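Results of the structural survey
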Amino acid sequence: MNMHDIWSKRFTHYISELQKYMQYIFTGHIAVVLVFVLGAIGYQYSEWLKTVDESFPVALVVGVLVGAVIAFSRPTTLLREPDQVYLLPLESQMKDYFSKALKWTFFSQILLSVVLYIVAIPLLRAVSSLSIQQIWLGVVIIAALKALNVGIEFNYRYVSRGHNTFFDRVTRIGLNIVILYYFLQWELFISGILGALLIVYYVIIRQKVYVDPIPYEHFIHLEQNRMYRFYRFANYFTDVPHLRGSVKRRAWLDFVYRFVSYNKENTQMYLILRTFIRTDDLFFLWVRLTGISAVFAAFIELQFVTWIVSAALAFALVIQLKQALHSSSEFRMDMLYPVKEQIRTTSIDLLLKRLIIVQAVIVTLCNIMMPMFYVTPIIIIVSGWLTIKLTK
């Protein structure tokens, strides 16, 4: 086989794997929520642009946000664990394989940087003195910086075998920010000199690549972690069979167990509460959705948008936690004792109701400065409790 065939098969399998889970992530419900979310953010952004002061440091803000995003350019190699054995006879041809991998890395990651910059264009037009042609030239600069950062990160990881990548990333973040800052100030000479330094940095590291053996272990570990993050995200929307969540002690939450009195009837409640607190997927699901609701309640002035988002996230929280707690296939201590399954169902519903109440309190505290803030907790509690009652 040649590298073109290997990459083509890997890439086809990778895309089909993404499509398999994306159909469960981007459903009609998510689309409706995104429409309201983006509409509310766009409205707030447009209203803020009418009052923004001309002294606003737009060049610095855009440079920091876009420059930092550009610097995160982990290579997508699609390597697998057996490759460190079976691709050894083809190691002399791996240059072609990595070339295709870096092209995909660039095209798959450039979109976020460009979107962030395009979102900032109205702010640039409102505050800076750049012409529209000069502003759109920034897209070309961003694409060039992204290509350099993708190449530098791959080469640095290749040469260093994955060690001390923090120094490399901090260096590139600093250079990206300063290059974009001086470009948006239309100081092309300084921006060009710093860009030349980045190119020299790329050339120096590039010369050391392919001298040493390929660090298969590092790239495979990087690829496994990247796919694991995707599967964990997909697991919030559908069941990923081969994914196993991690468990942590969280001793700082031990005081919560005291709210469950010590008697036989509370056996299931105690075990379910410990399962929720110690399981990362379950606990951080509640933290994340509560945090999103709180941010919307604090910063979105359109109350009906806050109510819609809060109700939708309360529904999403209950439906996911209920399914996860009921579908646990691991051995549980209550299997050793004659405790009725109905008690477990009742305990799960009770825990979900309490979590919804805590979420409602947090969101209300963030929304207390808005008019009719007292409607927010009612909507959250009603949405969550109806979901508990009406779902199997």
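Before going into details, it helps to say that this report is about the structure given with it. Each residue is numbered by its place in its chain's sequence as written, counting from 1. It should be noted that, the model being predicted, local features are given only for residues of pLDDT at least 70 and side-chain atom pairs only at 80 or more, the latter also being counted only at that level, while totals for whole chains, interfaces and linings use all residues. In computing side-chain values, all of the structure's heavy atoms are included and hydrogens and water are not.

Quick notes on the pattern of salt bridges
Salt bridges, as used here, are contacts in which a Lys or Arg side-chain nitrogen is within 4 Å of a carboxyl oxygen on Asp or Glu. Inspection of the entire model under this criterion finds 11 salt bridges. The partner of Arg 169 in a salt bridge is Glu 153, with the nearest N and O atoms 2.7 Å apart. Placement of Arg 169 in helix H7 (residues 165-184) and of Glu 153 in helix H6 (residues 132-160) is noted, with a sequence separation of 16 residues between them. The residues Arg 169 and Glu 153 share a single accessibility class, namely buried. One salt-bridge network, in which partners are shared between bridges, spans Glu 153, Arg 157, Asp 168, Arg 169 and Arg 172. Starting at the N terminus, helices and strands are each numbered in turn, a helix being any DSSP run of H or I of at least four residues and a strand any DSSP run of E of at least two. Burial classes: relative accessible area under 20% of the type maximum marks a residue as buried, over 50% as exposed, and values in between as partly exposed (1.4 Å probe, protein chains only).

Side note on the packing of helix H10 (residues 267-278) against helix H11 (residues 280-299)
Relative orientation and spacing of two packed helices are given, respectively, by the angle between their axes and the distance between those axes. Lines fitted to C-alpha atoms define the axes, with helix axes restricted to the stretch in contact, and inter-axis angles between N-to-C directions lie between 0 and 180 degrees. Interaxial distance between H10 and H11 falls to 5 Å at its minimum, and their mutual angle equals 75 degrees. Taken together, the axes of H10 and H11 lie roughly perpendicular to each other. Here Thr 275, Phe 276, Ile 277 and Arg 278 of H10 come into contact with H11, specifically with Asp 280, Leu 282, Phe 283 and Trp 286. Partitioning the contact of H10 with H11 into residue classes produces 5 nonpolar, 1 polar and 2 charged. Here roughly perpendicular refers to angles of 65 to 115 degrees, roughly parallel to angles under 35, roughly antiparallel to angles over 145, and oblique to all remaining angles. Should any heavy atoms of two residues lie within 4.5 Å, those residues are counted as being in contact. All residues other than Ala, Val, Leu, Ile, Met, Phe, Trp, Tyr, Cys, Pro, Asp, Glu, Lys and Arg, Gly among them, are scored as polar; the first ten of these are nonpolar and the last four charged.

Comments concerning the nonpolar core
The nonpolar side chains of soluble globular proteins are, as a tendency, buried together. Residues belong to one nonpolar core when they are buried, are Ala, Val, Leu, Ile, Met, Phe, Trp, Tyr or Cys, and are joined through side-chain atoms within 4.5 Å. Counting residues in hydrophobic clusters, the biggest one holds 36 residues, and the most contacted among them are Phe 276, Leu 317, Leu 321 and Leu 351. Contributions of two or more residues to this core are made by helix H2 (28-49), H10, H11, helix H12 (303-326), helix H13 (341-367) and helix H14 (375-390). In terms of residue count, the dominant contributor to this core is H12 (9 residues). Those residues in contact with Leu 321 that lie beyond four places of it in its chain are Phe 276, Leu 282, Leu 285, Leu 352 and Leu 355. Among the nonpolar cores identified, the runner-up in size contains 32 residues, and Tyr 117, Leu 130, Tyr 156 and Ile 179 belong to it.

Side note on the layout of surface pockets
Put plainly, a pocket is an open set of points on a 1 Å grid over the protein atoms alone with protein on both sides within 12 Å along at least five of seven lines, a cavity is a set where a 1.4 Å probe fits but cannot get out, and a lining residue has an atom within 4 Å of a point. Grid points are joined across faces, edges and corners, and a volume is the space filled by probe spheres set on the points. If you add up the space inside the second largest pocket, you get close to 700 Å³. Looking at the lining of the second largest pocket, the elements with two or more residues in it are helix H1 (3-25), helix H5 (94-127) and helix H9 (216-234). No other element matches the 5 residues that H9 contributes to the lining of the second largest pocket. Considered class by class, the residues forming the lining of the second largest pocket number 10 nonpolar, 3 polar and 4 charged.

Considering H1
Residues spaced three or four apart along an α-helix face the same direction, because each turn holds 3.6 residues. Each helix should span, by expectation, one fewer than its residue count multiplied by 1.5 Å. Taking 1.5 Å per residue, 23 residues should reach 33 Å; H1 reaches 33 Å between its end C-alpha atoms and fits that length. Within H1 the residues assigned to the buried category are Met 3, Ile 6, Trp 7, Arg 10, Tyr 14, Glu 17, Leu 18, Tyr 21 and Ile 25.

Regarding the packing of aromatic side chains
Aromatic pairs are defined between Phe, Tyr and Trp rings, using the six-membered ring for Trp, whenever the two ring centres lie within 6.5 Å; interplanar angles under 30 degrees are classed as stacked, those over 60 as edge-to-face, and all others as tilted. Counted by the stated rule, this structure contains 23 aromatic pairs. On the numbers, 6.4 Å between centres and 20 degrees between planes, the contact of Tyr 45 with Trp 48 is stacked. In this pair, Tyr 45 and Trp 48 both sit in helix H2, 3 residues apart, roughly one turn of the helix. A residue is classified by how much of its surface remains accessible, and Tyr 45, at 23% relative accessible area, is partly exposed. You can call Trp 48 partly exposed: its relative accessible area is 33%. An aromatic cluster of at least three residues, connected via ring pairs, comprises Trp 7, Phe 11, Tyr 14, Tyr 97, Phe 98, Trp 104, Phe 154, Tyr 158 and Phe 219. When the NZ atom of lysine or the CZ atom of arginine is within 6 Å of a ring's centre and also within 35 degrees of its normal, the charge is said to sit over that ring. Positioned above the aromatic ring of Tyr 257, the side-chain terminus of Arg 274 is 5.0 Å from the ring centre.

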